[in-house]
Each structure stands twice: as structure tokens, then as C-alpha cells.
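Chain by chain, the residues:
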Amino acid sequence: MKMKPMGDQLLLKAHETQSKTKSGIILTATNDVYGYADVINVGPGVFNPMSGDIIPNICKEGDIVLVPVSKLSGKNGNQIKLEEDTYVLVRESEIAMVSVSDS
């Protein structure tokens, strides 16, 4: 079943957090405030009731974004399971940064 987010929502696949350093030290806890995620799907944007227009989202499929870890954890009810994969659903306004191409 194919699903698409509504409004300014983004469907994200969180990157795995690193459990070992390059030298092989096992990390038991992390102080990371932000984490990386891939943008899997994007809603059409936010409806502006004053003008009747839709303000399109800036993020697009394939982007890598930086998001607060609290949003990526799925503990706040935004975790979704689709066809054996786990994703998180966040609003575009909760994104801290988005990847940009060098071209």
C-alpha cells in the first residue's frame, strides 16, 4: 500500500546511531541532540487560509535532514511501520537543517 503524508508532514527514515567509535570503543550512551534522517516522502505543503494557496515544502524526497533526536526516537507517537520498515512522521518546521547540493 502506497501512502503519502498530508500537509507539511515528512516521512523520514532515521539513520542508525553509531554504537562504536572508529577505534572500536563501544558507546553506551550518547549526548546527541540531533540525528540524521533520509526524507522518504513529502506532503504537498501548508494551506494558507488567507490567500487560499498552498505553501510548498522545502524538503524533497532523497534529502538528508538534521532533526532533534526526540523526534526521531518515535517515543512521542510519531513512529509508523509500513511494510516491515519503521519510519517517523515529522512536520517540516521541526527540521533543523536540510542537505544542499554543491551544483
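Before reading on, note that the structure itself is shown above.
Predicted, not measured: the structure shown is a model, and the values here were computed from it.

### Some points on the environment of Ile95
Here is step 1 of the chain: Topologically, Ile95 is positioned in the loop between β7 (85-91) and β8 (97-98).
Here is step 2 of the chain: Once the C-alpha coordinates of Ile95 and Leu66 are considered, the two residues, 29 residues apart in sequence, prove to be 6.2 Å apart.
Here is step 3 of the chain: In this structure Ile95 touches Leu10, Leu12, Cys59, Val65, Leu66, Val67 and Val90, once residues within four positions along its chain are discounted.

### Section: the nonpolar core
Generally speaking, a soluble globular protein has its nonpolar side chains buried in company with each other.
Here is step 1 of the chain: Within the largest apolar cluster, 12 residues are counted, these being Leu10, Leu12, Ala37, Val39, Val42, Cys59, Val65, Val67, Leu72, Val88, Val90 and Ile95.
Here is step 2 of the chain: Every element with two or more residues in this core is listed here: β1 (9-14), β2 (34-42), β5 (64-68) and β7.
Here is step 3 of the chain: Residue contributions to this core peak at three residues, all from β2.

### Side note on the pattern of salt bridges
Here is step 1 of the chain: Here the structure, examined in full by the defined rule, presents three salt bridges.
Here is step 2 of the chain: Between Asp63 and Lys60 there is a salt bridge, and its shortest N-O distance comes to 3.2 Å.
Here is step 3 of the chain: Here Glu94 makes a salt bridge to Lys71, at a shortest N to O gap of 3.2 Å. Of this pair, Glu94 sits in the loop between β7 and β8 while Lys71 sits in helix α1 (residues 69-72); the two residues are 23 residues apart in sequence, bridging distant segments of the chain.
Here is step 4 of the chain: Residue classification places Glu94 among the partly exposed residues on the basis of a relative accessible area of 25%.

### Structural notes on the sheet that holds β8
Here is step 1 of the chain: In space, the six strands of this open sheet follow the order β6-β7-β1-β2-β5-β8, with antiparallel pairing throughout. The open sheet has two edge strands, β6 (79-82) and β8, and neither has a second partner.

### Observations concerning the packing of aromatic side chains
Here is step 1 of the chain: Under the definition given, this model contains zero aromatic pairs.
Here is step 2 of the chain: Lying across the ring of Tyr87, Lys13 places its NZ or CZ 5.5 Å from the centre.

### Regarding the side chain of Asp8
Here is step 1 of the chain: Note that Asp8 resides in the segment before β1.
Here is step 2 of the chain: On the basis of relative accessibility, which here comes to 11%, the residue Asp8 falls in the buried class.
Here is step 3 of the chain: Separated by 2.5 Å, the side chains of Asp8 and Arg91 make a polar contact.
Here is step 4 of the chain: Ignoring anything within four residues of it in the chain, the contact list for Asp8 reads Gly45, Val46, Asn57, Val90, Arg91, Glu92 and Ser93.

Parameters at a glance
Residues numbered from 1 in each chain as written. Predicted model: local features only at pLDDT ≥ 70, side-chain atom pairs only at ≥ 80, totals over all residues. Heavy atoms only, no water. Helix = DSSP H or I, 4+ residues; strand = E, 2+ residues; numbered from the N terminus. Contact = heavy atoms within 4.5 Å. Core = buried A, V, L, I, M, F, W, Y, C linked by side-chain atoms within 4.5 Å. Buried < 20%, exposed > 50% of the residue type's maximum accessible area, 1.4 Å probe, protein only. Salt bridge = Lys/Arg side-chain N within 4 Å of Asp/Glu carboxyl O. Pairing = 2+ DSSP bridges. Phe/Tyr/Trp six-rings, centres within 6.5 Å; stacked < 30°, edge-to-face > 60°. Lys NZ or Arg CZ within 6 Å of the ring centre and 35° of its normal. Polar contact = N/O pair within 3.5 Å; in protein donor to acceptor, adjacent residues only side chain to side chain.

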